[in-house]
Amino acid sequence: MLSNAEHVLPTALIVDDDYVMRMLERETLAQFGFDVLEAADGEQALDMLDDPPPDLLLLDVEMPGIDGFEVCRRLRQRWDMARVPVIVVTGMDDLASINRAYESGANDFVAKPINWPILGHRARYVLRSAQAARQLSELKEKQAAIMRAIPDMIFVMDWQGTYLDYKQGYATTAFVPASELLGKNMAAILPAEVAKPIQQGIELALLRGHLQTVLYKLPMPDGSHHYEARITPNGVDKVVIVVRDITTQKLNEDKIRRLAYFDTLTGMPNRQSFLERLDHELARARRNHHQLALLFLDLDGFKRINDTLGHSAGDYLLQAVAERMKEKLRAGDFVARPALDESGLHVARLGGDEFTVVLPDVDETHTVSMVATRLQALLAQPFLIGTQEIVVTSSIGIALFPADGDDAATLLKHADTAMYHAKDQGRNNWQLYHQSLTTQTTARMALETDIRKGLEQGEFHLLYQPQVSAADGTIVGIEALIRWQHPQHGMVSPAQFIPVAEESGQIVPMGEWVLDTACRQIMEWQLHGVLTARVAVNVSARQLRSPHFLDRVAAIISETGIRAEQLELELTESILMDPESRQVQGLCRLRALGVHFAIDDFGTGYSSLSYIKRFPIGMLKIDQSFVRGLPNSANDTGIATAIIAMAHNLGLEVIAEGVETRQQFEFLQQAKCPKLQGYLFSRPLPPDEVEILLRRGSITPPSDHTAK
Ligand SMILES: Nc1nc2c(ncn2[C@@H]2O[C@@H]3COP(=O)(O)O[C@H]4[C@@H](O)[C@H](n5cnc6c(=O)[nH]c(N)nc65)O[C@@H]4COP(=O)(O)O[C@H]3[C@H]2O)c(=O)[nH]1
């Protein structure tokens, strides 16, 4: 083979039995820049092919042994010699010998007598053209390999869109078989809406001289396929079009888009999509000087449904809610105004049980209130989950553009605030945002922060209020009540901070602190030899739901060393209305240890007997709202008397709280209420003052009508 190294001469192998001819040929080729090797016959020539392989052979035809034709034929059978140029030297210039030479694989021939200067030129020419042919063939092989590796279809077309050549990519299915394409115009093959943009692409590619891309879709037997055609000029009047099937890529893009913009559970637009849509609608409303309404809807008590019926039921409910909203909100008759038709209402799920509805172009607040009311009525119709009918109500907060905010984030925040206000107002209602709500929310957030700091910095303490025997004033119990000495605001009432602590979850550490402090106090009084009564501690709903509550109570009892019988936990009726078997069992476990349970505020809630039976309740507390009306209000006297009778019948203890006057005391005494608590006997006091009372053992109420 011809070496590419610059200074290496091409090698010519001269094969001739005539020594003189060999010598003359050698001289000639050497002058033309060849490195010459010589063989005296065909056998010798074939033996010399390997070391080093020649770049050209000059082959005499008539030789003893195997002749030049045969040498040429055998040579061509070797793969590495297939392309070595061979010039046959023949004395026979008849046509038959020349044909034989070519048939044997020769590239050229020279007839004797030889024209020596021409032989040199010819050898060089044959060498050059063999070299070019080899490069061309290598290039073709490379191109074929590349073509085989390309998944795309490749077309060659003229400037008018006529198919000139075609290659089917391995990963693409032909719209029409190749045999039917060639020579035809694209307009006769492809649908007009596809042929037209491709034709434009061809013209632009030829005009501008660079790549044009056209995306299109074709119907195929297995459904629509998406394609990307890259059109590049090929000469002045032809183009090469590489067509890729991008169906999978398109599907993936759609999937990504769906994941990014749609909620997977309900198929509704998600938060991201909602925010973008809201931005868009706000820009439109700004341009047109229109009002826009944002409704923020939250299902009431969804957590409870999730907790009691399980997450899959919760998911199912959310899907059903979304389905109903999508279906009904789209219908033109949901909102009478034409502006709020199918394209005018945008519904989205923000996450959890929160949904939003955007009403663009609402120029009357009346329309918004009508939509909110209808939406609530729509969702209030029962849902069927499995075999169970579920009724959910919803709370809606509404913020209006431009009155309540100029951008999406502010409107959303304000609609959310209004929704919380609707919850505070007893749920199942809608509320319009108002500036004062933000003030309330800010104050509430500040309070949450202050509570956290207050807990860290020991700003809370407990007061203790004695409970006495109605018969003789003996102290029979004590209720622990929390107090907060705020560094700036002074004494803050539990009525103010307990609901906030409850909502924010801070009631859990706070309640634990109360329990721990009260138990330590019990121990201290016991060490001082004074305590005989048990101490009641309030427990909130959130505290009781916390998974570690029961273990913590047991741990605090054992850590402080008190007897469990010395502790009474006061639960509210509402806690017991949401019974989970876990809680019943847990409370029974604590009761088994000795802990007492009382129901606080008895009579204000559902007052159902069934929960009293299920829970290990030992004591009912008549709420002070009933005591306040004694003895004059017929209603209150009736309720108080009924509770006392019921407690006696059920074998429960009963105590009336909030006893402030002598008349209330005497009425309750006559009604056989055995225990009393209230300002008439003592206000809540610090531990040392309670200790003095405990030493005394009993409290005599003042004879006049004024509380202490
Ligand atoms: N008008 C009037 N009021 C009387 C009279 N006698 C007692 N009180 C007040 O009535 C409330 C009785 O506590 P409650 O019903 O459990 O109601 C409590 C209880 O629900 C809650 N609370 C207090 N301390 C705690 C606590 O440590 N944990 C929890 N979770 N809640 C607590 O805050 C509520 C209010 O507590 P306080 O402001 O301490 O109010 C106490 C007490 O000071 C009276 O004769 N007249």
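None of the values given here were measured: they were computed from a predicted structure.

**Quick word on the UniProt feature "modified residue: 4-aspartylphosphate" (unreviewed entry) in the protein chain**
Move 1: Per the UniProt record, "modified residue: 4-aspartylphosphate" (unreviewed entry) is annotated on Asp60.
Move 2: Residue placement: Asp60 occurs in strand 3 (residues 56-60).
Move 3: In contact with Asp60, not counting residues within four places along its chain, are Val15, Asp16, Asp17, Gly68, Val89 and Lys112.

**Considerations on a nonpolar patch on the surface**
Move 1: Taken together, Tyr19, Val20, Met23 and Leu24 make up a surface patch of nonpolar side chains, about 350 Å² in accessible area.
Move 2: By the element assignment, Leu24 lies in helix 1 (residues 19-31).

**A closer look at the packing of helix 9 (residues 271-288) against helix 13 (residues 408-424)**
Move 1: Where helix 9 meets helix 13, the axes come as close as 10 Å, and the angle between the chain directions of the two elements is 115°. With respect to their mutual orientation, helix 9 and helix 13 come out roughly perpendicular. By crossing handedness, the relation of helix 9 to helix 13 is classed as right-handed. Seen from helix 9, the contacting residues are Arg271, Phe274, Leu275, Leu278, Asp279 and Leu282; seen from helix 13, they are Ala408, Leu411 and Leu412.

**As for the site of the ligand**
Move 1: Among the 21 residues in the neighbourhood of the ligand, the closest are listed as Arg483, Asp600, Gln624, Glu660 and Tyr679.
Move 2: A distance of 2.8 Å separates an oxygen atom of the ligand from a polar atom in the side chain of Asp600.
Move 3: Gln624 places a polar side-chain atom, nitrogen or oxygen, 2.8 Å from an oxygen atom of the ligand.
Move 4: Contact with the protein chains removes 83% of the 780 Å² of surface that the ligand exposes when unbound.
Move 5: Counting residues per element, the ones that place at least two in the shell around the ligand are strand 19 (475-486), helix 15 (494-504) and strand 23 (596-602).
Move 6: Sort the elements by how many residues they give to the shell around the ligand and strand 19 lands first, with four residues.
Move 7: By residue class, the composition of the shell around the ligand is eight nonpolar, six polar and seven charged.

**Quick notes on the sheet that holds strand 3**
Move 1: The strand order across the open sheet formed by five strands is 2-1-3-4-5, and the pairing between neighbours is parallel. Looking at which strands have only one partner, the edges of the open sheet turn out to be strand 2 (35-39) and strand 5 (108-111). In this sheet, adjacent strand axes meet at a mean angle of 20° when their direction is disregarded.
Move 2: Note: strand 4 (residues 86-90) against strand 5, four bridges, orientation parallel.

**Brief notes about helix 1**
Move 1: Here helix 1 spans 18 Å end to end across 13 residues, near enough to the 18 Å set by a 1.5 Å rise per residue.
Move 2: When helix 1 is considered as a whole, its buried residues turn out to be Met21, Arg22, Glu25, Thr28 and Leu29. End-on view of helix 1: buried residues confined to an arc of 135°, all on one side of the axis.
Move 3: On its buried face, helix 1 sits against strand 1 (11-15), strand 2, strand 3, strand 4 and helix 5 (116-149).
Move 4: The backbone nitrogen of Val20 has a side-chain oxygen 2.9 Å away, supplied by the residue at the start of helix 1, namely Asp18.
Move 5: Positive phi shows up at Gly33, right after helix 1, with a value of about 90°.

**Focus on the pairing of strand 19**
Move 1: For strand 19, the buried fraction is high: ten of the twelve residues fall into the buried class.
Move 2: Pairing between strand 18 (residues 460-469) and strand 19: nine bridges, direction antiparallel. In the strand pairing of strand 19, Leu463 is matched with Leu481.
Move 3: Hairpin connection from strand 18 to strand 19: five residues lie between these consecutive antiparallel strands, with Gly473 at a positive phi of about 80°.
Move 4: As paired strands, strand 19 and strand 21 (residues 534-538) are joined by four bridges and run parallel to one another. Each bridged residue has a counterpart across the sheet, and for Gly477 the counterpart in strand 21 is Arg534.
Move 5: A loop of three residues connects strand 19 with strand 20 (residues 490-492), the two strands running antiparallel in sequence.

**Observations regarding the pattern of salt bridges**
Move 1: The final tally for this structure, using the stated rule, is 34 salt bridges.
Move 2: Two residues, Glu228 and Arg230, come together in a salt bridge whose shortest N-O distance is 3.3 Å.
Move 3: In this structure Glu228 comes out as partly exposed when scored by relative accessible area, which is 22%.
Move 4: In this structure, the salt-bridge partner of Glu503 is Arg444, at a minimum N-O distance of 2.9 Å. Note that Glu503 is positioned in helix 15 and Arg444 in helix 14 (residues 435-456), a separation of 59 residues in sequence.
Move 5: Taking relative accessible area as the criterion, Arg444 reaches 27% and is therefore assigned partly exposed.

**Some remarks on the environment of Asn632**
Move 1: Examined against the element boundaries, Asn632 turns out to sit in the loop between helix 22 (624-628) and helix 23 (634-650).
Move 2: Residue classification places Asn632 among the exposed residues on the basis of a relative accessible area of 72%.
Move 3: Sequence separation of Asn632 and Gln664 is 32 residues, and the distance between their C-alpha atoms is 9.3 Å.

**Notes on unusual backbone geometry**
Among all residues except glycine, the phi angle is most often negative; among peptide bonds, the trans geometry is most common.
Move 1: Of the consecutive residues Lys112 and Pro113, the connecting peptide bond is found in the cis state with omega at -5°.
Move 2: Among the structural elements, Pro113 can be located in the loop between strand 5 and helix 5.
Move 3: In this chain, Phe401 is followed by Pro402 through a cis amide linkage whose omega measures 5°.
Move 4: Structurally, Pro402 is set in the loop between strand 16 (394-401) and helix 13.
Move 5: With a phi angle near 55°, His289 is a residue other than glycine that sits in the positive phi range.
Move 6: Structurally, His289 can be placed in the loop between helix 9 and strand 11 (292-299).
Move 7: Phi at Arg427 takes a positive value of approximately 65°, unusual for a residue other than glycine.
Move 8: Position of Arg427 relative to the elements: it lies in the loop between helix 13 and strand 17 (430-432).
Move 9: Judged by its relative accessible area of 42%, Arg427 falls in the partly exposed class.

**Things to note about the packing of aromatic side chains**
Move 1: On inspection of all chains with the given rule, the structure shows nine aromatic pairs.
Move 2: A ring pair is formed by Phe665 and Phe681, whose centres lie 5.5 Å apart and whose planes are at 90°; its orientation type is edge-to-face. With a gap of 16 residues between them, Phe665 in helix 24 (residues 662-670) and Phe681 in the loop between strand 26 (675-677) and helix 25 (687-696) connect regions that are remote in the sequence.
Move 3: Residue class for Phe665 comes out buried when judged on its relative accessible area of 6%.
Move 4: The ring of Phe383 is capped by Arg324, whose NZ or CZ atom sits 3.8 Å from the centre of that ring.
Move 5: Note that Arg683 overlies the ring of Tyr679, its terminal NZ or CZ placed 3.9 Å from the centroid.

The rules we used
- Residues numbered from 1 in each chain as written.
- Predicted model: local features only at pLDDT ≥ 70, side-chain atom pairs only at ≥ 80, totals over all residues.
- Heavy atoms only, no water.
- UniProt positions renumbered as here; feature names shortened; annotations may be inferred.
- Helix = DSSP H or I, 4+ residues; strand = E, 2+ residues; numbered from the N terminus.
- Contact = heavy atoms within 4.5 Å.
- Patch = residues over 30% accessible without salt bridge, like charges linked within 9 Å, V, L, I, M, F, W, Y side chains within 5 Å.
- Areas by Shrake-Rupley, 256 points an atom, 1.4 Å probe, with all protein chains shown as cover.
- Salt bridge = Lys/Arg side-chain N within 4 Å of Asp/Glu carboxyl O.
- Axes fitted to C-alpha atoms, helices over the stretch in contact; angles between N-to-C directions.
- Parallel < 35°, antiparallel > 145°, perpendicular 65-115°, else oblique.
- Left-handed = near helix turned anticlockwise from the far one by under 90°.
- Near = heavy atom within 4 Å.
- Polar contact = N/O pair within 3.5 Å; in protein donor to acceptor, adjacent residues only side chain to side chain.
- Nonpolar A, V, L, I, M, F, W, Y, C, P; charged D, E, K, R; others polar.
- Pairing = 2+ DSSP bridges.
- Expected span 1.5 Å × (residues − 1).
- Buried < 20%, exposed > 50% of the residue type's maximum accessible area, 1.4 Å probe, protein only.
- Arc of directions from axis to C-beta.
- Phe/Tyr/Trp six-rings, centres within 6.5 Å; stacked < 30°, edge-to-face > 60°.
- Lys NZ or Arg CZ within 6 Å of the ring centre and 35° of its normal.

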